[in-house]
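Notes for the structure review
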Amino acid sequence: MPTSSASTTDSAKSAATGGVQSLERAFDLLERMADAGGEVGLSELSASSGLPLPTIHRLMRTLVACGYVRQQPNRRYALGPRLIRLGESAARLLGTWARPYLARLVEETGETANMALLDGDEIVYVAQVPSKHSMRMFTEVGRRVLPHSTGVGKALLADFPAEEVRALLARTGMPAATEKTITTPDGFLAALEDVRRLGYAVDDNEQEIGVRCLAVSVPDSPTAAAISISGPAGRVTEAATDKIIPMLQQVALELSEALASSGNNGG
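Parameters and conventions
- Residues numbered from 1 in each chain as written.
- Predicted model: local features only at pLDDT ≥ 70, side-chain atom pairs only at ≥ 80, totals over all residues.
- Heavy atoms only, no water.
- Helix = DSSP H or I, 4+ residues; strand = E, 2+ residues; numbered from the N terminus.
- Contact = heavy atoms within 4.5 Å.
- Core = buried A, V, L, I, M, F, W, Y, C linked by side-chain atoms within 4.5 Å.
- Buried < 20%, exposed > 50% of the residue type's maximum accessible area, 1.4 Å probe, protein only.
- Pairing = 2+ DSSP bridges.
- Axes fitted to C-alpha atoms, helices over the stretch in contact; angles between N-to-C directions.
- Expected span 1.5 Å × (residues − 1).
- Arc of directions from axis to C-beta.

What follows covers the side chain of Glu111. Looking at the element boundaries, Glu111 is found in the loop between helix H4 (82-109) and strand E4 (112-119). Residues in contact with Glu111, not counting those within four places in the same chain, are Val106, Ser131, His133, Ile229, Ser230, Gly231, Pro232, Arg235 and Val236.

Let's shift gears to the nonpolar core. Within the largest apolar cluster, 30 residues are counted, with the highest numbers of intra-cluster contacts made by Leu102, Leu105, Met115, Ile227, Ile229 and Leu248. Elements supplying a minimum of two residues to this core: H4, E4, strand E5 (122-129), strand E8 (211-217), strand E9 (225-232) and helix H8 (238-263). Apart from residues lying up to four places away in sequence, Leu248 is in contact with Leu105, Leu214, Ala215, Val216, Ile227, Ser228 and Ile229. Among the nonpolar cores identified, the runner-up in size contains 23 residues, and Ile123, Leu156, Ala158 and Ile182 belong to it.

This part covers the sheet that holds E5. Read across the open sheet, the six strands follow the order E6-E5-E4-E9-E8-E7; overall the sheet is antiparallel. Across the chains shown, the open sheet's two edge strands, defined by having one partner strand only, are strand E6 (144-145) and strand E7 (201-204). When E8 meets E9, the two strands line up antiparallel, connected through seven bridges. Looking at E9, one finds that Val216 is bridged to Ile227.

The side-chain alternation of E7 yields one buried face, formed by Ala201 and Asp203, and one unburied face, formed by Val202 and Asp204. Sheet topology note: the E7/E8 ladder contains four bridges and is antiparallel. Its bridge partner lying in E8, Asp204 is registered against Arg212. Hairpin geometry of E7 and E8 is characterised by an intervening segment of six residues between the two adjacent antiparallel strands and by a positive phi of about 65° at Asn205.

Another aspect to go through is the sheet that holds strand E2 (residues 69-71). Judged by pairing direction, the sheet is antiparallel, and its three strands sit side by side in the order E1-E3-E2 without closing on themselves. This sheet does not close on itself; its edge strands, each paired only once, are strand E1 (39-40) and E2. Bridge analysis of E2 against strand E3 (residues 77-79) gives three bridges, and the strand direction is antiparallel. Its bridge partner being in E3, Gln71 is matched across the sheet by Tyr77. Set on the sheet, helix H3 (residues 53-66) makes contact with E2 and E3; between it and E2 the angle comes to about 105°.

A few words now on helix H7 (residues 185-198). Over its 14 residues, H7 runs 20 Å from end to end, which matches the ideal 20 Å to within 8%, given 1.5 Å per residue. Every buried residue of H7 is listed here: Phe188, Leu189, Ala191, Leu192 and Val195. The buried residues of H7 occupy an angular sector of 155° when the element is viewed end-on, so they sit on one face. In H7, the exposed residues that point more than 90 degrees away from the buried face are Asp186 and Arg197. Contacts from the buried residues of H7 go to helix H5 (151-157), helix H6 (162-172) and E7. Once H7 ends, the next one or two residues include Gly199, with phi positive near 90°.

So this is what it looks like as structure tokens:
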């Protein structure tokens with residue numbers, strides 16, 4: 001008996017829906033692996049995702065075959081090296097895309113503007129538009145630093161649970177970049193409380209003597225991101241802070257909206 005066009009269409013729709021669901025599940029598993037530190041067992045993934053073990057096993061086999069996941073000798077699964085190229089390309093493009101927003105900050109504040117992401121336990125700078133002033137900041141695109149000594153680090157970690165922040169600091173240590181660097185977990189958690197109260201973060205000579213940095217997170221960013229301005233402490237004063245913060249917050253909001261709209265272009 002010939003298959004009706006209606007049933008053929010239904011089958012095609014069902015196959016398409018199943019394919020989309022598999023994609024969504026695969027990406028969800030990758031994100032859960034990243035949240036767990038990059039290495040997990042199948043039972044952990046099943047418990048956190050609610051998916052049955054056979055489904056997870058099938059998806060992981062596909063991800064392993066594609067190089068996005070690898071299986072360890074202990075039978076646990078780890079994020080694969082093929083993801084590195086994707087992440088680096090995405091970070092570079094995000095930085096390029098953010099440059100016009102940073103350029104506007106430089107125009108309005110006269111100071112160097114930066115964008116940074118939280119990559120594992122480190123801060124990585126993905127974009128910068130330098131000030132027209134001759135003084136050069138320590139930051140540069142591609143540079144990695146520890147979160148505890150930077151304004152962007154504070155902005156990015158402000159909404160993390162305290163136990164997660166303590167665990168990160170235990171992994172990285174809290175070396176002093178200057179005599180003003182915060183070097184105790186309690187001190188850093190108190191600084192994060194200030195960030196939540198004020199709505200912005202400050203690095204006051206903590207990464208580099210003579211330099212102040214003001215930073216805010218980009219709300220609802222698909223990956224944790226923050227923007228900042230940095231300049232000599234003699235220019236980025238308390239009075240200047242009152243003028244600069246509203247500009248930073250406005251640009252962060254516009255950047256957030258642009259990220260959200262770009263994500264919906266296909267829908």
